[in-house]
Amino acid sequence: MDFINKLNIALKEANETEYWLELLHESDYLNEDEFTSIYNDCGKIAATLTKIIKTTKAQP
């Protein structure tokens, strides 16, 4: 299903974004407050995408 494939791509991008946020934080480009806020938002997006993927796959 093309829709699920697109969601999987978006999920991979969200996971990669988390990785880059961690690198930016470790290099002191982002302070603790900025990192925490953006990282948490990214995690929520990834969780939402995961739920949509699972729900879509479960539909007949």
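Here, every reference points to the structure presented above.
Calculation notes
Residues numbered from 1 in each chain as written. Predicted model: local features only at pLDDT ≥ 70, side-chain atom pairs only at ≥ 80, totals over all residues. Heavy atoms only, no water. Helix = DSSP H or I, 4+ residues; strand = E, 2+ residues; numbered from the N terminus. Rg over C-alpha atoms; globule rule 2.2 N^0.38 Å. Contact = heavy atoms within 4.5 Å. Areas by Shrake-Rupley, 256 points an atom, 1.4 Å probe, with all protein chains shown as cover. Lys, Arg positive; Asp, Glu negative; His and termini not counted. Charge placed at Lys NZ, Arg CZ, Asp CG, Glu CD. Expected span 1.5 Å × (residues − 1). Buried < 20%, exposed > 50% of the residue type's maximum accessible area, 1.4 Å probe, protein only. Polar contact = N/O pair within 3.5 Å; in protein donor to acceptor, adjacent residues only side chain to side chain. Core = buried A, V, L, I, M, F, W, Y, C linked by side-chain atoms within 4.5 Å.

### Some thoughts on the overall build of the protein chain
In step 1: Looking only at helices and strands, the protein chain features two helices and zero strands.
In step 2: Against the compact-globule benchmark of 10 Å for 60 residues, the protein chain has a radius of gyration of 14 Å, which places it well outside the compact range.
In step 3: Over its C-alpha atoms, taken along the principal directions, the protein chain stretches across nearly 45 × 15 × 10 Å.
In step 4: Partitioning the contacts of the protein chain with sequence separation of at least 6, the portion at a separation of at least 24 is 64%.
In step 5: Carbon and sulfur atoms form 57% of the exposed surface of the protein chain, whose accessible area is close to 4,700 Å².
In step 6: Computed over 6 positive and 11 negative side-chain charges, the separation of the two mean positions in the protein chain equals 17 Å.

### Topic: helix 2 (residues 32–58)
In step 1: For helix 2, built from 27 residues, the straight-helix expectation of 39 Å at 1.5 Å per residue is met to within 8% by its first-to-last C-alpha distance of 39 Å.
In step 2: Within the span of helix 2, buried status applies to Phe35, Cys42, Ala46, Leu49, Ile53 and Thr56.
In step 3: Where helix 2 begins, the capping side chain belongs to Asn31, and its oxygen is found 3.0 Å from the backbone nitrogen of Asp33.

### Some details on the nonpolar core
In step 1: Of all hydrophobic cores here, the largest spans eleven residues; its members are Ile4, Leu7, Leu11, Ala14, Leu21, Leu30, Phe35, Cys42, Ala46, Leu49 and Ile53.
In step 2: When contributions to this core are tallied by element, the ones reaching two or more residues are helix 1 (2–26) and helix 2.
In step 3: If we skip the residues at most four places from it in the chain, Phe35 touches Leu21, Glu22, His25 and Leu30.

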